[in-house]
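Structural overview for review
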Amino acid sequence: MKPSAPRALAAVSPALDPSVGIVVCIPSFRRPQHLRLTLESLVAQRTDRRFAVVIVENDAAGCGSVPVAAEFLRAGRFPGLCVIEPKQGNCHAINAAFETAMATFPAADHFLMIDDDEIASPGWLELMVRSAEASGADLVGGPVQPNFDDPGKRGLRRHPAFRPAYDHSGMVPIIYGCGNCLIMRAVFERLGDPAFDVRFNFLGGGDTDYFVRCRQAGMKFYWAADALITETVPQNRTSPSWLALRGLRIGAINYHIEVKAARTPWARAIVVAKMLAMLPLSLFRAGRLAVTEQKILIALHPMTVAVGSVLAAVGIEPHQYKASKIAS
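Residues numbered from 1 in each chain as written. Predicted model: local features only at pLDDT ≥ 70, side-chain atom pairs only at ≥ 80, totals over all residues. Heavy atoms only, no water.

**Some words on the packing of helix H8 (residues 265-293) against helix H10 (residues 301-313)**
- Contact geometry of H8 with H10 gives a least axis separation of 7 Å together with a crossing angle of 170°. Viewed along their axes, H8 and H10 adopt a mutual orientation that is roughly antiparallel. Contacts from Met 275, Leu 276, Met 278, Leu 279, Ser 282, Leu 283, Arg 285, Ala 286 and Leu 289 of H8 reach H10 at Pro 302, Met 303, Ala 306, Val 307, Ser 309 and Val 310. (Axes fitted to C-alpha atoms, helices over the stretch in contact; angles between N-to-C directions. Helix = DSSP H or I, 4+ residues; strand = E, 2+ residues; numbered from the N terminus. Parallel < 35°, antiparallel > 145°, perpendicular 65-115°, else oblique. Contact = heavy atoms within 4.5 Å.)

Written out as structure tokens, the structure reads:
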């Protein structure tokens, strides 16, 4: 895969071994303080496997993550490099990470990803790679558990915005998020590039769209329940307004993924009808969650998702990953 746009090399470790078989990719945007914690968690990995790290700075104007990445790389705390992706957007950054990793390390078969607001448990990398080897899966996912800045919000751990997709290890139909994933090189080669559809750049959901396409291509998924990553959740991401916006965004993502797969006007009309039918069904689901979870913010989630799908059908959707929407 060739990089889709010129990218500047911001920092590199003293030596790069192209025979490394595992690469950890980290897209980064305006979180230099937390990136340091993410990188420290990679230094602390308990494994005998050799791996490299590729960091992508997606804030070309500020480059706040570059000094942190350069400190780790130049000190040789792990081999790798940091590049600047000039085109802002979630999918641009992720594509840059995977493309750079594959071009720099041609012998690598295992490509993992962790976000710059996440911390890997010490056994994360070993468990992810071992799961891929033992299962023969094309893609492996693992849990991302929330670590709330506000301890009073721990009751939201079961909210769909924070709860992992599965509870137990094993083969699964699909995974949904790339914040804790492993993708084999053969997957990228088979689906072509760019890997993540840049039409999801600011809405989000490029990872879900990619994994849906992988499933359609017959690829196998595995869930490694013990390969834990924790995500730092600031207070502004537990507010009712943010959770409502998250639900609307998920609904919009669902709509766009289904419309993308609909090849005819009739198929697209069926998608719209399905989204409209979800509105009354969401009321039933909300009522059931209100009884089982006893938290209004959790109960309202199915309704906001349903509304988000309908709004997307008429061209109204949130753009959470635009630079202007992201706090520094």
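**Here's the deal with the sheet that holds strand S8 (residues 144-148)**
- Read from one edge of the open sheet, three strands run S6-S12-S8, paired in mixed fashion. Among the strands making up the open sheet, the edge pair consists of strand S6 (118-120) and S8. Within the sheet, the average angular offset between the axes of one strand and its neighbour, ignoring direction, is 30°.
- With three bridges joining them, S6 and strand S12 (residues 229-233) adopt antiparallel strand pairing. Note that in S12 the partner of Ala 120 across the bridge is Ile 229.
- Each of S6 and S12 touches helix H1 (residues 32-43); the most contacted strand, S6, lies at about 10° to it. (Pairing = 2+ DSSP bridges.)

**Let's talk about H8**
- Here H8 is 29 residues long and its end C-alpha atoms lie 40 Å apart, about the 42 Å a rise of 1.5 Å per residue gives.
- Of all bends in H8, the biggest is about 35°, found at Pro 280.
- Of all the positions in H8, only Val 271, Met 275, Ser 282, Ala 286 and Glu 293 are classed as buried.
- For H8, the secondary structure elements touched by its buried residues are helix H7 (240-261), helix H9 (296-299) and H10.
- Gln 294 lies just past H8 and shows a positive phi near 60°. (Expected span 1.5 Å × (residues − 1). Bend = angle between axes of the 7 residues up to and from the residue. Buried < 20%, exposed > 50% of the residue type's maximum accessible area, 1.4 Å probe, protein only.)

**Structural notes on a nonpolar patch on the surface**
- On the surface, Leu 9, Val 12 and Leu 16 cluster together into a nonpolar patch covering about 240 Å² of accessible area.
- By secondary structure assignment, the location of Leu 9 is in strand S1 (residues 8-12). (Patch = residues over 30% accessible without salt bridge, like charges linked within 9 Å, V, L, I, M, F, W, Y side chains within 5 Å. Areas by Shrake-Rupley, 256 points an atom, 1.4 Å probe, with all protein chains shown as cover. Salt bridge = Lys/Arg side-chain N within 4 Å of Asp/Glu carboxyl O.)

**A closer look at the environment of Asp 109**
- Note that Asp 109 resides in the loop between helix H3 (90-104) and strand S5 (110-114).
- Sequence separation of Asp 109 and Phe 196 is 87 residues, and the distance between their C-alpha atoms is 18 Å.
- Among all residues touching Asp 109, those that are not within four sequence positions of it are Gly 21, Ile 183, Met 184 and Arg 185.

**Some words on the sheet that holds S1**
- Judged by pairing direction, the sheet is mixed, and its nine strands sit side by side in the order S1-S4-S3-S2-S5-S10-S7-S11-S9 without closing on themselves. With one partner strand each, in any of the chains shown, S1 and strand S9 (170-172) form the two edges of the open sheet. Put simply, the sheet's adjacent strands are angled 25° from each other on average, direction ignored.
- Where S5 meets strand S10 (residues 180-184), five bridges bridge the pair, whose relative direction is antiparallel. Among the inter-strand pairings, Leu 112 is bridged to a residue of S10, identified as Leu 182.
- Along the sheet face, helix H2 (residues 66-74) touches S1, strand S3 (51-57) and strand S4 (80-84) and points at about 45° away from the line of S1.
- Against the sheet, helix H4 (residues 124-135) touches strand S2 (22-28), S3, S5, strand S7 (139-141), S9, S10 and strand S11 (221-223), its axis set at about 140° to S5.

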